[in-house]
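# Observations on chain architecture
Residue strings, one per chain:
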Amino acid sequence: MKKKLKPLTRSWIMMSALVNADFKLRDQGTFLGFLWTLLHPLIYFIVLYNLFVKWMGPQINNFALYLIIGFVHWNFFSAATTASITCVFRHENYVKSINFPKSILVISSALSSLYIHLLELVVLMVFWLLVKGSVTPKAVLIIPIVILTLYLVISLSFILTTIGVYLLDIARIWGILMNVGLFLTPIFYSMDMLSPGRQKIILLNPMTHIIKASRDILIDGQYPAMPGLIYVFALSSVLLITGIVIFRRSEGLFVERL
Amino acid sequence: MKPVVEARNISKKFNIGSRERQTLFSSIRHTLSGEYPKVELWALKDISLYANKGEMIAVIGPNGSGKTTLFRILGGIMSPTTGTCDVRDEVSCIFELGLGFNPRFTALENVYLYSALHGISRKEVDKILPEIVDFSGVGAFMGAKLSEFSSGMKARLAFATVIQTVKGIILIDEVLSVGDIAFQKKCFAAIEKLLNEGNTILFISHSISGEIKKLCRKALYIDKGNQIAFGNAEDVEKLYIENSVGK
C-alpha cells in the first residue's frame, strides 16, 4: 500500500511546487502585484457597467453585482482553458528531462488559474457584502459551484492540451471561440431578453448555468436550479472521459513533438 | 542477481518533418492530399547493454550518435520503437543541470523547486540542506536571487542539489565537468560515495578521463545510432579515440 501511494505523493509534491512557482512568478508573490491581475477584470467591469447600465439597469435586479459575478466566472473559465493549451510547452524542459505523469501539467495549470480565481472571488464577496449589506449562510453554496467550474475546466483542459501539442493554431482558434463565448454567455444581458430559439443556444453553453447558479445564490439568496448544474456535470464527465482517453494515448509522444 | 538495467536490441525511429507541429490548414491539406512530409531517421539501431547494481558505465560517441536518445529511453521519457528495456530500480535523470532553476527565485527557493520536481518534499530537503549548502560552497548567498549568481556558482549549486537528492539508477548527460579542480575533486568523492551506497551510474561523456577512470569499468561506444563496442572501459575508449583521430 505504501509503495502504491508513493507515486501519488511525488506527483502531489511536484504539482504544488509548480502551482506555487507559477503564482510567485506571475506577481512576484506580492499583494500589490496581485492588483495587476485584478486590473483586467476590473477595467472590463467598469467599461461594461457604464456602457450597459442605462439599458440593462432597469431590467436587471442589481446590475452591478449581476455583471461582476458573470465576469469573474467567465474570466476564470477563459483564462484557465487558454492556459491549458500551452501548458506542455511552458514546461518543455521538464518533459524532456524527467519522467513524470504529464497530467500533472494539466492539473497544475488549472490550479494556478484557480488561485487567481479565488482571489477574485474574495474581492467579489467584499463587493457583495458592500452592496447587500447582510450575509446569508447560503453564500457557502458558491464553493460547490467553484468546484464544478474547476471540474469543467480540467475536463476541457485534457482535450485542449492534447490538441495543443499537435496543432499549432489551436491557441488562435480557442482565442476566437473565447471572444465569441463572452457574448454567447449572459454576462451583461439577461436570458429573457432573447427569443426562445436563441435562448436554447445559450443554454447549451455550460458557463450559462454556472453563472446563473452563482447569481441565484448571491443576488436572490436562492438555491440554484439543479437541472442546469446536472447538465454541466454530465457534460464535464463526458469531456473528462474523452479527454483522458486521448491524453493517455498521446502523452508518451509529447516529448517527440517538442 | 539480475542486472538493474537491461536493454535488449533497442531501436528508435524518428519521423523528421512530421515532428513539427502543424497548423489546422496544413494538416487538412496533408490529410486530403495523402502526402506527409516525412523522412525516417533511425536514431538508434539494435543497442544492447546491461548494468549491474553499483556499477558505473560510460556511454561515449561523437555528437549526434544517439546518446541522449538512448538515455531518454532508459529514463522512461521516450519509448523505443523496437526492443525492450527493463529497469529494476528507481531512476533519477540528470539531463540538464539546474533544471527548473529560475533566476527570479533565491538559491534556496530554487533548491526546493528542483527537489520538488524530483518528488522530494520540503521537509526532506531541510534535512539535507546543510550538506547541499556546504557542498556547493555558496554559503551565505542562499538567500540571494539566482540572477545575481555567477555561472560557476549556479552550476555548483545545481550539482550540489542533484548529487544530494539522486538515488537508484542515475543517468547523467554530460554534466560531470562543472566547477574548478577543487570542486571536481568533491564531485568525484560524491560519486564514489553514491556507488558505494549501491547506486548505479550511467553517464554520457566524450572521454573517460582522470579519476573517473578508477570507478568506471565498462563503456558503451555508439556512432550514428550503431553499437560499435560494449565492454571494458579502457579498450572501448581506445577504440573510440582511434576511430575519431583516424577520421
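Residues numbered from 1 in each chain as written. Chains lettered and ligands numbered in written order. Predicted model: local features only at pLDDT ≥ 70, side-chain atom pairs only at ≥ 80, totals over all residues. Heavy atoms only, no water.

## Considering the overall build of chain A
Rule in force here: The helix and strand labels rest on DSSP assignments: H or I over at least four residues marks a helix, E over at least two residues marks a strand, and numbering proceeds from the N terminus. Between the two quantities, the radius of gyration covers C-alpha atoms and the globule rule is 2.2 Å times the number of residues to the power 0.38. Think of it in three bands: with a 1.4 Å probe and only protein chains considered, a residue is buried below 20% of the maximum accessible area for its type, exposed above 50%, and partly exposed in between. The contact criterion used throughout is that any non-hydrogen atoms of two residues lie within 4.5 Å. Each accessible area is a Shrake-Rupley result for a 1.4 Å probe, and residues are judged covered by the shown protein chains and nothing else. Residues scored as positive are Lys and Arg, those scored as negative are Asp and Glu, and His as well as the terminal groups of each chain are ignored. In this description, the location of a charge corresponds to atom NZ of lysine, CZ of arginine, CG of aspartate or CD of glutamate.
Regarding its fold elements, chain A presents 12 helices and zero strands. Mapped in sequence order, the helices and strands of chain A form the string α-α-α-α-α-α-α-α-α-α-α-α. A compact globule built from 258 residues would reach a C-alpha radius of gyration of about 18 Å, and chain A, at 19 Å, matches this within 12%. Looking at chain A residue by residue over its 258 residues, the buried ones come to 51%. For chain A, the share of sequence-separated contacts (at least 6 apart) that also reach a separation of at least 24 residues comes to 77%. A total of about 12,900 Å² of accessible surface is found on chain A, and carbon and sulfur atoms cover 71% of it. Looking at chain A, you have 21 positive and 10 negative side-chain charges, and the mean spots of the two groups are 7 Å apart.

## Some thoughts on the interface of chain B and chain A
Convention followed: Buried area: the accessible surface (1.4 Å probe) lost by two parts on joining, summed over both. Take a side-chain nitrogen of Lys or Arg and a carboxyl oxygen of Asp or Glu: if they are within 4 Å of each other, that pair is a salt bridge. Amino acids are sorted into nonpolar (Ala, Val, Leu, Ile, Met, Phe, Trp, Tyr, Cys and Pro), charged (Asp, Glu, Lys and Arg) and polar (every other residue, Gly among them).
At the interface, 33 residues of chain B touch 30 residues of chain A. Each partner contributes to the roughly 2,900 Å² buried at the junction of chain B and chain A, and carbon and sulfur atoms together form 54% of this total. Summed over the shared surface of chain B and chain A, the result is three salt bridges. Between Glu 90 of chain B and Arg 10 of chain A there is a salt bridge; the shortest N-O distance is 3.3 Å. Among the elements of the structure, strand S1 (5–16), helix H1 (24–33) and helix H3 (107–117) of chain B are those that each provide at least two residues to the side of chain B that touches chain A. Top contributing element to the side of chain B that touches chain A by residue count: H3 of chain B, with four residues. Residues belonging to the side of chain B that touches chain A are distributed by class as follows: 13 nonpolar, 11 polar and nine charged.

## Describing the packing of helix H6 (residues 103–132) of chain A against helix H7 (residues 142–166) of chain A
For any two helices packed against each other, one specifies the crossing angle of their axes together with the interaxial distance. Residue and element names in this part refer to chain A. Heads up, the condition is: Lines fitted to C-alpha atoms define the axes here, with helix axes fitted over just the stretch in contact, and angles between the N-to-C directions of these axes take values from 0 to 180 degrees. Should the near helix be turned anticlockwise from the far one by less than a right angle, the crossing is left-handed, and should it be turned clockwise, the crossing is right-handed.
Close contact between H6 and H7 brings their axes to 10 Å; oriented N to C, the two are set at 145°. Relative to H7, H6 is oriented so that their crossing is right-handed. Contacts between H6 and H7 involve Ser 103, Val 106, Ile 107, Ala 110, Leu 111, Leu 114, His 117, Leu 118 and Leu 121 from the first element and Val 146, Leu 150, Val 153, Ile 154, Ser 157, Phe 158 and Thr 161 from the second. For the contact of H6 with H7, the class distribution of residues is 12 nonpolar, four polar and no charged.

## Thoughts on the nonpolar core
Test applied: Put simply, buried Ala, Val, Leu, Ile, Met, Phe, Trp, Tyr and Cys residues joined by side-chain atoms within 4.5 Å make one nonpolar core.
Membership of the largest hydrophobic core comes to 153 residues, with the highest contact counts inside it found for Met 56, Phe 71, Leu 74, Leu 157 and Leu 202 of chain B. A per-element tally of this core places helix H3 (residues 63–85) of chain A first, with 14 residues. Beyond its immediate chain neighbours, meaning those up to four positions away, Leu 157 of chain B contacts Phe 101, Ala 107, Val 111, Ser 136, Val 138, Met 142, Leu 146 and Phe 149 of chain B. Core analysis: the second largest hydrophobic core is formed by six residues, Ala 17 and Ala 21 of chain A together with Phe 105 and Ala 116 of chain B among them.

## What about the packing of H3 of chain A against H6 of chain A?
All names here are of chain A. What counts here: Any angle that is under 35 degrees is reported as roughly parallel, and any over 145 degrees as roughly antiparallel; angles of 65 to 115 degrees are reported as roughly perpendicular and all others as oblique.
Relative orientation of the contacting elements H3 and H6 amounts to 175°, with a least axis distance of 9 Å. In terms of orientation, H3 lies roughly antiparallel with respect to H6. For the pair H3 and H6, contact is made by Ala 64, Leu 65, Ile 68, Ile 69, Val 72, His 73, Asn 75, Phe 76, Ala 79, Ala 80, Ala 83 and Ser 84 and by Ser 109, Ala 110, Ser 113, Leu 114, His 117, Glu 120, Leu 121, Leu 124, Phe 127, Trp 128, Val 131 and Lys 132, respectively. Its residues placed into classes, the contact of H3 with H6 shows 16 nonpolar, six polar and two charged.

## Details of the pattern of salt bridges
Per the counting criterion, the structure on display carries 12 salt bridges over all chains. Between Glu 92 of chain A and Lys 96 of chain A there is a salt bridge whose closest N-O contact spans 3.3 Å. With Glu 92 of chain A and Lys 96 of chain A both in helix H5 (residues 92–97) and four residues apart, this pair spans about one turn of that helix. A salt bridge links Lys 12 of chain B to Glu 256 of chain A; the shortest N-O distance between them is 2.6 Å. Of the two residues, Lys 12 of chain B is situated in strand S1 and Glu 256 of chain A in helix H12 (residues 254–257); the pairing between them involves two chains. Lys 12 of chain B sits in the buried class, given a relative accessible area of 4%. Relative accessible area serves as the criterion here: at 15%, Glu 256 of chain A is assigned to the buried category. Connected through shared salt-bridge partners, Glu 6, Arg 8, Asp 86 and Arg 88 of chain B make up one network.

## Thoughts on the environment of Phe 183 of chain B
Mapped onto the elements of the fold, Phe 183 of chain B is located in helix H6 (residues 181–196). Each C-alpha atom of the pair Phe 183 of chain B and Glu 6 of chain B lies 33 Å from the other, and the pair is 177 residues apart in sequence.

## Remarks on the state of the cysteines
Residue and element names in this part refer to chain B. Put simply, the rule is: The disulfide criterion used throughout: a pair of cysteine sulfur atoms within 2.5 Å.
According to the stated counting rule, one finds zero disulfides over all chains in the structure shown. The cysteine Cys 187 is free of any disulfide, with Cys 216 supplying the nearest cysteine sulfur at 16 Å. Cys 187 sits in the buried class, given a relative accessible area of 3%.

## Some details on the packing of aromatic side chains
Residues and elements named next belong to chain A. Basically, it comes down to this: Aromatic rings from Phe, Tyr and Trp, taking only the six-membered ring of Trp, are treated as a pair when their centres fall within 6.5 Å; an angle between ring planes under 30 degrees marks them as stacked, one over 60 as edge-to-face, and anything in between as tilted.
Considering all chains together, one arrives at 18 aromatic pairs over all chains under this definition. With a centroid separation of 5.5 Å and an interplanar angle of 50°, the aromatic rings of Trp 74 and Phe 77 are classed as tilted. Taken as a pair, Trp 74 and Phe 77 lie in helix H3 at a separation of three residues, close to a single helical turn. Residue Trp 74 shares its accessibility class with Phe 77, and that shared class is buried. On the numbers, 5.5 Å between centres and 80° between planes, the contact of Phe 247 with Phe 254 is edge-to-face. Classification of Phe 247 as buried rests on a relative accessible area of 2%. Residue Phe 254 is classed as buried on the basis of its relative accessible area of 0%.

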